[in-house]
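Tertiary structure, described
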Amino acid sequence: MNWYHRLKLAQFTAENTVNVENSSIQVTPYDPIVDEVKNRILEKDPQFGRGINTVNIVGAGPGFGNVESTNPADINIRLEAIKSEVARQMGLPANTQDPNYAEALKRAIEVVFYHEKGHVTDALRAQEGSPDDQLSGQSLFPGGEPFAERNVPDFQ
Ligand SMILES: [Zn+2]
(Lines give C-alpha, C1' and ligand atoms only; values in the text may rest on other atoms or scores of the structure.)
Protein backbone atom coordinates (compact mmCIF):
# COMPACT_ATOMS: atom_id res chain seq x y z
CA MET A 1 0.00 0.00 0.00
CA ASN A 2 1.41 3.36 -0.98
CA TRP A 3 1.62 6.27 1.38
CA TYR A 4 -1.14 8.23 -0.27
CA HIS A 5 -3.67 5.49 0.37
CA ARG A 6 -3.12 5.92 4.08
CA LEU A 7 -3.51 9.68 4.04
CA LYS A 8 -6.47 11.00 5.90
CA LEU A 9 -6.07 14.12 3.82
CA ALA A 10 -7.25 12.76 0.49
CA GLN A 11 -6.19 15.75 -1.60
CA PHE A 12 -2.73 14.36 -2.39
CA THR A 13 -3.47 11.35 -4.55
CA ALA A 14 -1.69 9.09 -7.02
CA GLU A 15 -3.23 11.18 -9.79
CA ASN A 16 -1.54 14.38 -8.71
CA THR A 17 1.72 13.03 -7.29
CA VAL A 18 2.76 10.23 -9.70
CA ASN A 19 3.42 10.64 -13.45
CA VAL A 20 2.37 14.26 -13.17
CA GLU A 21 3.74 15.01 -16.64
CA ASN A 22 0.38 13.70 -17.86
CA SER A 23 -1.76 15.46 -15.30
CA SER A 24 -4.33 18.01 -16.34
CA ILE A 25 -4.98 20.83 -13.91
CA GLN A 26 -8.39 22.44 -14.18
CA VAL A 27 -8.92 26.17 -13.77
CA THR A 28 -12.35 26.75 -12.18
CA PRO A 29 -14.19 28.79 -13.13
CA TYR A 30 -12.35 28.75 -16.44
CA ASP A 31 -10.38 31.88 -17.28
CA PRO A 32 -8.41 31.98 -20.54
CA ILE A 33 -5.55 34.10 -19.18
CA VAL A 34 -5.02 32.02 -16.02
CA ASP A 35 -5.27 28.85 -18.13
CA GLU A 36 -2.68 30.19 -20.58
CA VAL A 37 -0.25 31.05 -17.76
CA LYS A 38 -0.76 27.61 -16.21
CA ASN A 39 -0.09 25.88 -19.55
CA ARG A 40 2.98 28.05 -20.17
CA ILE A 41 4.45 27.04 -16.79
CA LEU A 42 3.63 23.34 -17.35
CA GLU A 43 5.36 23.45 -20.74
CA LYS A 44 8.52 24.83 -19.15
CA ASP A 45 8.30 22.56 -16.10
CA PRO A 46 6.08 19.46 -16.37
CA GLN A 47 6.81 18.69 -12.70
CA PHE A 48 5.11 21.93 -11.67
CA GLY A 49 1.80 20.06 -11.46
CA ARG A 50 3.03 17.72 -8.73
CA GLY A 51 0.57 17.87 -5.83
CA ILE A 52 -1.85 20.24 -7.55
CA ASN A 53 -5.49 19.24 -8.14
CA THR A 54 -7.24 22.41 -9.17
CA VAL A 55 -6.68 26.11 -9.60
CA ASN A 56 -9.64 27.95 -8.09
CA ILE A 57 -10.32 31.53 -9.07
CA VAL A 58 -11.76 33.02 -5.92
CA GLY A 59 -13.14 36.38 -4.85
CA ALA A 60 -12.51 38.48 -1.79
CA GLY A 61 -9.82 37.61 0.73
CA PRO A 62 -6.33 38.55 1.83
CA GLY A 63 -3.52 38.84 -0.70
CA PHE A 64 -3.41 37.55 -4.27
CA GLY A 65 -3.81 33.87 -3.56
CA ASN A 66 -3.56 31.16 -0.92
CA VAL A 67 -3.49 27.47 -0.17
CA GLU A 68 -5.73 26.20 2.61
CA SER A 69 -4.84 23.47 5.09
CA THR A 70 -8.27 21.91 4.49
CA ASN A 71 -7.27 21.32 0.86
CA PRO A 72 -3.53 21.78 0.31
CA ALA A 73 -3.72 20.40 -3.24
CA ASP A 74 -5.74 23.37 -4.51
CA ILE A 75 -4.30 26.76 -5.40
CA ASN A 76 -6.65 29.71 -4.89
CA ILE A 77 -6.00 32.74 -7.06
CA ARG A 78 -7.64 36.14 -6.46
CA LEU A 79 -7.69 37.20 -10.09
CA GLU A 80 -9.63 40.44 -9.60
CA ALA A 81 -7.20 41.59 -6.89
CA ILE A 82 -4.24 40.81 -9.16
CA LYS A 83 -5.88 42.67 -12.07
CA SER A 84 -6.49 45.73 -9.90
CA GLU A 85 -2.96 45.75 -8.50
CA VAL A 86 -1.34 45.45 -11.95
CA ALA A 87 -3.57 48.27 -13.25
CA ARG A 88 -2.66 50.41 -10.22
CA GLN A 89 1.07 49.78 -10.66
CA MET A 90 0.96 50.51 -14.41
CA GLY A 91 -1.41 53.46 -14.10
CA LEU A 92 -3.62 51.83 -16.74
CA PRO A 93 -7.19 50.58 -16.77
CA ALA A 94 -7.53 46.84 -16.15
CA ASN A 95 -8.04 46.10 -19.85
CA THR A 96 -6.88 42.64 -20.92
CA GLN A 97 -7.25 43.71 -24.58
CA ASP A 98 -4.26 46.03 -24.04
CA PRO A 99 -1.21 43.86 -24.87
CA ASN A 100 1.06 45.70 -22.41
CA TYR A 101 -1.43 45.30 -19.60
CA ALA A 102 -2.15 41.65 -20.53
CA GLU A 103 1.56 40.77 -20.53
CA ALA A 104 2.13 42.39 -17.12
CA LEU A 105 -0.96 40.62 -15.78
CA LYS A 106 0.31 37.24 -17.01
CA ARG A 107 3.66 37.84 -15.35
CA ALA A 108 1.93 38.75 -12.07
CA ILE A 109 -0.26 35.63 -12.23
CA GLU A 110 2.88 33.56 -12.89
CA VAL A 111 4.50 34.93 -9.72
CA VAL A 112 1.38 34.06 -7.70
CA PHE A 113 1.36 30.55 -9.22
CA TYR A 114 4.96 29.89 -8.17
CA HIS A 115 4.40 31.32 -4.69
CA GLU A 116 1.29 29.20 -4.07
CA LYS A 117 2.95 26.13 -5.60
CA GLY A 118 5.59 26.63 -2.90
CA HIS A 119 2.90 26.19 -0.25
CA VAL A 120 1.62 23.04 -2.03
CA THR A 121 5.15 21.57 -2.14
CA ASP A 122 5.70 22.47 1.53
CA ALA A 123 2.48 20.67 2.50
CA LEU A 124 3.13 17.68 0.25
CA ARG A 125 6.60 17.14 1.73
CA ALA A 126 5.26 17.47 5.26
CA GLN A 127 2.41 15.06 4.54
CA GLU A 128 4.72 12.56 2.83
CA GLY A 129 6.90 12.69 5.93
CA SER A 130 3.94 11.94 8.23
CA PRO A 131 1.54 9.88 6.13
CA ASP A 132 -0.48 8.63 9.10
CA ASP A 133 -1.14 12.05 10.56
CA GLN A 134 -3.67 14.63 9.48
CA LEU A 135 -1.44 17.68 9.53
CA SER A 136 -2.66 21.24 9.69
CA GLY A 137 -1.37 24.71 10.39
CA GLN A 138 2.37 25.00 10.91
CA SER A 139 2.93 21.24 10.85
CA LEU A 140 1.42 21.14 7.35
CA PHE A 141 3.23 24.28 6.17
CA PRO A 142 6.51 24.16 8.14
CA GLY A 143 8.33 26.40 5.66
CA GLY A 144 5.75 29.17 5.87
CA GLU A 145 5.95 32.28 3.72
CA PRO A 146 9.77 32.21 3.32
CA PHE A 147 9.56 28.77 1.69
CA ALA A 148 6.82 29.94 -0.70
CA GLU A 149 8.77 33.09 -1.63
CA ARG A 150 11.90 31.07 -2.39
CA ASN A 151 9.85 29.06 -4.88
CA VAL A 152 9.36 32.14 -7.07
CA PRO A 153 12.04 32.23 -9.79
CA ASP A 154 14.01 35.40 -10.44
CA PHE A 155 12.39 36.57 -13.69
CA GLN A 156 14.78 39.51 -14.15
ZN1 LIG B 1 1.93 32.64 0.89
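See above for the structure.
Residues numbered from 1 in each chain as written. Predicted model: local features only at pLDDT ≥ 70, side-chain atom pairs only at ≥ 80, totals over all residues.

**Here we look at the nonpolar core**
Convention followed: One nonpolar core equals one set of buried Ala, Val, Leu, Ile, Met, Phe, Trp, Tyr and Cys residues connected by C-beta atoms within 7 Å. Working definition of burial: number of other C-beta atoms within 10 Å of the residue's own, with buried at 20 or more, exposed at 12 or fewer, and partly exposed in between, all C-beta atoms being placed from the backbone. Secondary structure elements are defined from DSSP: runs of H or I of at least 4 residues count as helices, runs of E of at least 2 residues count as strands, and each element is numbered from the N terminus. Whether two residues are in contact is decided by their C-beta atoms, placed from the backbone, lying within 7 Å.
Counting residues in hydrophobic clusters, the biggest one holds 24 residues, and the most contacted among them are Val34, Ile77, Ile82, Ile109 and Val120. When contributions to this core are tallied by element, the ones reaching two or more residues are α3 (32–44), β4 (71–77), α4 (79–90) and α5 (99–129). By residue number, the principal contributor to this core is α5, which donates 7 residues. Excluding anything up to four places from it in sequence, Ile82 contacts Phe64, Leu105, Ala108, Ile109 and Val112.

**Some points on the sheet that holds β4**
Note the threshold: By definition, two strands form a pair when at least two bridges between them are found by DSSP. To obtain each axis, a line is fitted to C-alpha atoms, and for helices this fit is confined to the stretch in contact; angles are then taken between N-to-C directions over 0 to 180 degrees.
Spatially, the 4 strands line up as an open sheet ordered β1-β2-β4-β3, and their pairing is mixed. Across the chains shown, the open sheet's two edge strands, defined by having one partner strand only, are β1 (26–28) and β3 (65–68). In this sheet, adjacent strand axes meet at a mean angle of 25° when their direction is disregarded. Relative to strand β2 (residues 54–57), β1 runs parallel, the two sharing 3 bridges. Within β2, the position partnered with Val27 by the bridge is Val55.

**A word on the pairing of β3**
The alternating pattern of β3 places Gly65 and Val67 on a buried face and Asn66 and Glu68 on a face that is not buried. In textbook terms, the turn of a hairpin is the stretch between consecutive antiparallel strands, and for β3 and β4 this stretch comprises 2 residues.

**Here we look at the environment of Phe64**
If you trace the backbone, Phe64 turns up in the loop between β2 and β3. On the neighbour-count criterion, Phe64 (20 C-beta atoms within 10 Å) is buried. It is 9.2 Å that separates the C-alpha atoms of Phe64 and Glu85, two residues lying 21 residues apart in sequence. When sequence neighbours within four positions are dropped, the list of residues in contact with Phe64 reads Arg78, Ala81, Ile82 and Val112.

**Digging into the environment of Leu140**
Position of Leu140 among the secondary structure elements: in helix α6 (residues 137–140). Along the backbone, Leu140 and Asn22 are 118 residues apart, and their C-alpha atoms lie at a distance of 26 Å. Excluding its chain neighbours within four sequence positions, the residues that come into contact with Leu140 are Ser69, Pro72, Ala123, Ala126, Gln127 and Leu135.

**With respect to the packing of α3 against α5**
In a pair of packed helices, the angle between the axes and the distance between the axes together describe the arrangement. To keep it simple, the criterion reads: Relative orientations are named as follows: roughly parallel for angles under 35 degrees, roughly antiparallel for angles over 145 degrees, roughly perpendicular for angles from 65 to 115 degrees, and oblique for any other angle. A clockwise turn of the near helix away from the far one marks a right-handed crossing, whereas an anticlockwise turn of less than a right angle marks a left-handed crossing. Any residue that is not Ala, Val, Leu, Ile, Met, Phe, Trp, Tyr, Cys, Pro, Asp, Glu, Lys or Arg is counted as polar, Gly included; the first ten are nonpolar and the last four charged.
One way to put it is that α3 packs onto α5 with a least axis distance of 10 Å and a crossing angle of 60°. By the angle class used here, α3 and α5 are oblique. Considering only the axes of α3 and α5, their crossing is right-handed. Judged by residue contacts, Ile33, Val34, Glu36, Val37, Lys38 and Ile41 of α3 engage Leu105, Lys106, Ile109, Glu110 and Phe113 from α5. By residue class, the composition of the contact of α3 with α5 is 7 nonpolar, no polar and 4 charged.

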